[in-house]
Each structure stands twice: as structure tokens, then as C-alpha cells.
Amino acid sequence: METAVFFPLLLLVCSVSTDPVTKNADYKLSYDHRPLNIPAVLRKMEASLAAQKAEIRQLQKDNEAQAEKLKTELDMLKQQLQARQVAFSAALYDGHGDGYFGPFNKQIHLVFKYVATNIGQAYNPHTGVFTAPLRGAYHFEFHVGVHGDGKHPATAFLMKNGDVSVSAYELQTAYYGSASNGVTLILEVGDQMYLRMSANSRLYDDRFHYCTFSGHMIFAM
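Residues numbered from 1 in each chain as written. Predicted model: local features only at pLDDT ≥ 70, side-chain atom pairs only at ≥ 80, totals over all residues. Heavy atoms only, no water.

K.L.:
Teacher, can you tell me more about the overall build of the chain here?
P.N.:
Assigned secondary structure in the chain consists of two helices and 13 strands. Across the 221 residues in the chain, those meeting the buried criterion constitute 27%. In the chain, of all internal contacts separated by at least 6 residues, the share reaching a separation of at least 24 is 73%. Accessible surface, the chain: about 14,900 Å² in total, of which carbon and sulfur atoms supply 58%. (Helix = DSSP H or I, 4+ residues; strand = E, 2+ residues; numbered from the N terminus. Buried < 20%, exposed > 50% of the residue type's maximum accessible area, 1.4 Å probe, protein only. Contact = heavy atoms within 4.5 Å. Areas by Shrake-Rupley, 256 points an atom, 1.4 Å probe, with all protein chains shown as cover.)

K.L.:
What is the right way to look at the sheet that holds strand β7 (residues 136-147) in this model?
P.N.:
Adjacent strands of a sheet pair through backbone hydrogen bonds, lying either parallel or antiparallel. Strand order in the open sheet made by the five strands is β4-β1-β13-β7-β10, with antiparallel pairing throughout. On the outer flanks of this sheet lie β4 (114-119) and β10 (176-187), each paired with one strand and no other. Taking each pair of neighbouring strands and ignoring which way they run, the sheet shows an average axis angle of 10°. Relative to β10, β7 runs antiparallel, the two sharing 12 bridges. In the strand pairing of β10, Phe-142 is matched with Asn-181. (Pairing = 2+ DSSP bridges. Axes fitted to C-alpha atoms, helices over the stretch in contact; angles between N-to-C directions.)

K.L.:
So what exactly am I meant to see when it comes to the nonpolar core here?
P.N.:
Soluble globular proteins tend to pack their nonpolar side chains together in the buried interior. Counting residues in hydrophobic clusters, the biggest one holds 32 residues, and the most contacted among them are Phe-130, Phe-140, Leu-158 and Phe-213. Every element with two or more residues in this core is listed here: β1 (87-91), β7, β8 (154-160), β9 (163-170), β10, β11 (192-197), β12 (203-204) and β13 (212-220). Broken down by element, the residue count for this core peaks at five residues, all from β7. If near-sequence neighbours (up to four positions away) are discounted, Phe-140 is found in contact with Phe-88, Phe-130, Leu-158, Asn-181, Gly-182, Val-183, Leu-187, Met-193, Phe-213, Ser-214 and Gly-215. (Core = buried A, V, L, I, M, F, W, Y, C linked by side-chain atoms within 4.5 Å.)

K.L.:
Which parts of the structure should I look at to understand the pairing of β8?
P.N.:
Along a regular strand, successive side chains alternate from one face of the sheet to the other. With respect to burial, β8 is a largely interior element, five of its seven residues being buried. Between the antiparallel neighbours β8 and β9 lie two residues, among them Asn-161 with a positive phi of about 55°. Two elements, β8 and β11, share four bridges in a ladder whose sense is antiparallel. What sits directly across from Met-159, in β11, is Tyr-194.

K.L.:
I'm lost on the pairing of β11 in this one. Help?
P.N.:
As paired elements, strand β3 (residues 108-110) and β11 share three bridges and run antiparallel to each other. Residue pairing across strands places Leu-110 opposite Leu-195, the latter belonging to β11. In this sheet, β11 lies alongside strand β6 (residues 129-131) in antiparallel orientation, the contact comprising two bridges. Within β11, the position partnered with Thr-131 by the bridge is Gln-192.

Following this line, the structure appears as C-alpha cells:
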């Protein structure tokens, strides 16, 4: 009889003692899973997105600046490559007049107006002057001539910045006489080469181009 009464009481005590634990667990569970603060989350996402956009814009600016720098360097390399390709050849007669030049009572600067080749545009057909675009070794040749009369020779001086480099001379009493010369020189950037005819000399050229001035760069230095 006593055993039968004791067992229901034990069950009641156990039920009462475990009930607060269950409620406390339920409370903790609901606290750990409280609702998110949606506006705050959105603000963080917007801030992160804005930062990413700013970073992308900066990367785009950096890429554009790098592309512009590469373009500038490429243009410079192209210009240098084009400058290394230097060659010209020109004739004295341009189709005007009777083909005679001189004689004069002083030295005359010769302008070879008929341009056959002018790679690199270093020769100026309006002034007759070749200007070195790069430091390097250059080779020049020139040919001059005239119908001989025994009085007026065919002469020319190849000038470098106002100084004579080489010259050519021919005097005949009859028929056509010619003279030529050539030289290889080391030129600095801006050095100028051109031809002068001496006083009392005479030249003749026509559509067959007997009198010519040519040059080219052998290699840059």
C-alpha cells in the first residue's frame, strides 16, 4: 500500500523539477533566433556595394592611365623606328629654265628641288638642306657637271654645318664633263648637310638629272 502511494508522488516531483528547465531552454532558443534588423543589413550592403563601385572606378582610371602611357610609349617607338629609316635623293633641275646654273661671282647655295626619294622627310627641297634626325653614321654622294667651255668648271662643296667636308671639280674645254664625290660622316641630331657651288663655276642639269644629291643613314648610334 505504501509503495503504491510513493510512486505517483515521485512522478509529480520529477515533473515539477524539470518544467523550469524546459521553459528556460525555450526562452534561450527564442532569444538566439530573434528577427534580423533588415534596414541595418541593407545599409551595410549598400555601403559595401558603394565601396566596390568606387574601387571599380579607380581600377578603370588606373587602366585608362596605363593604356594612355602604353600608347604614348608605342607612338614614341614608332617615331624612333620611322626616324631610323632615313634616305633621300634629289636632282638640281625641276623643269624650269634652260637647265644652266651660274656662273656667279660668289658661292651659291644649291637647292635640289626635284625629289626622287625622301624617306623620313629629313631633306628639305625648299632649302636644299638635310638635317640629321638621329645621331648616327650617314653616307652622302653628289654628282655635278656642265658642258665644257674651258672657263667655267663644274664644282661643288659638301658642307657640314658651314664647313667643307669634301668637294668635286671638273674643267673641260668641250663636251660634257662631270665630277662626283662621297663621304661617310658621324652626325649629331640637328647637324645640317648641303651643297655649295663655287664662284665662277657653272652647272647644267635637265630632265635626265645629271646633277644629284643623295644620302642615307647607315645606322643609328
